[in-house]
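# Survey of secondary and tertiary structure
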Amino acid sequence: MVGALVVGILWAASSFVGGGGSDDDAAEDAAAACGVFQRVPDDWKQETVTEENTYQLGGAIALAQAAGQRDAKYRALATQAQQVQQAVVTFDIGRVNQLVVDVRNTCDDL
């Protein structure tokens, strides 16, 4: 099950990233990503890695990366989102906790 969730997050994160779009699109993508990062669980543990939470996180990661591709202002958000993705893929749950907090702090500063 965990393997399928990891594949899902990789697919979701890679499916949105690409070129094109405007600065307005980047701002909207960043805002949407931040909104999702606010809604994902605060305390990640093995039981938290559900299909729903993983897809939600994957969507937020993809939107953050798309925003970073479109506008340099959002590159830090995109980089942090990519770190969240790597932590989920390696099932480093303790790191996911801290990285989600870091992303939320970055979102507060945008």
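Just above sits the structure.
Residues numbered from 1 in each chain as written. Predicted model: local features only at pLDDT ≥ 70, side-chain atom pairs only at ≥ 80, totals over all residues. Heavy atoms only, no water.

### Overview of the state of the cysteines
- Summed over all chains, the structure comprises one disulfide.
- Linked covalently through their sulfurs, Cys34 and Cys107 form a disulfide whose S-S length is 2.0 Å. Its S-S torsion of approximately -85° makes the covalent link between Cys34 and Cys107 left-handed. Within this pair, whereas Cys34 is found in helix H2 (residues 23-39), its partner Cys107 is found in helix H5 (residues 93-109), the two being separated by 73 residues in sequence.
- Cys107 sits in the buried class, given a relative accessible area of 11%. (Disulfide = S-S within 2.5 Å. Helix = DSSP H or I, 4+ residues; strand = E, 2+ residues; numbered from the N terminus. Buried < 20%, exposed > 50% of the residue type's maximum accessible area, 1.4 Å probe, protein only.)

### Here we look at the nonpolar core
- Core analysis: the largest hydrophobic core is formed by 27 residues, its most contacted members being Phe37, Trp44, Leu57, Leu77 and Val84.
- Counting residues per element, the ones that place at least two in this core are H2, helix H3 (51-70), helix H4 (75-89) and H5.
- Setting aside chain neighbours within four positions, we find Val84 in contact with Phe37, Leu57, Ile61, Leu99, Val100 and Val103. (Core = buried A, V, L, I, M, F, W, Y, C linked by side-chain atoms within 4.5 Å. Contact = heavy atoms within 4.5 Å.)

### Focus: the pattern of salt bridges
- Tallying each qualifying case throughout the model produces three salt bridges.
- Of the charged contacts in the structure, one is a salt bridge between Asp29 and Arg70, with a shortest N-O distance of 2.3 Å. Here Arg70 lies in helix H3 and Asp29 lies in helix H2, a separation of 41 residues in the sequence.
- With its nearest N and O atoms 2.5 Å apart, the salt bridge here joins Asp42 to Arg104. Of this pair, Asp42 sits in the loop between H2 and H3 while Arg104 sits in helix H5, and the two are 62 residues apart along the sequence.
- When its relative accessible area of 59% is taken as the criterion, Asp42 is described as exposed. (Salt bridge = Lys/Arg side-chain N within 4 Å of Asp/Glu carboxyl O.)

Honestly, it's all geometry; don't read function into it.
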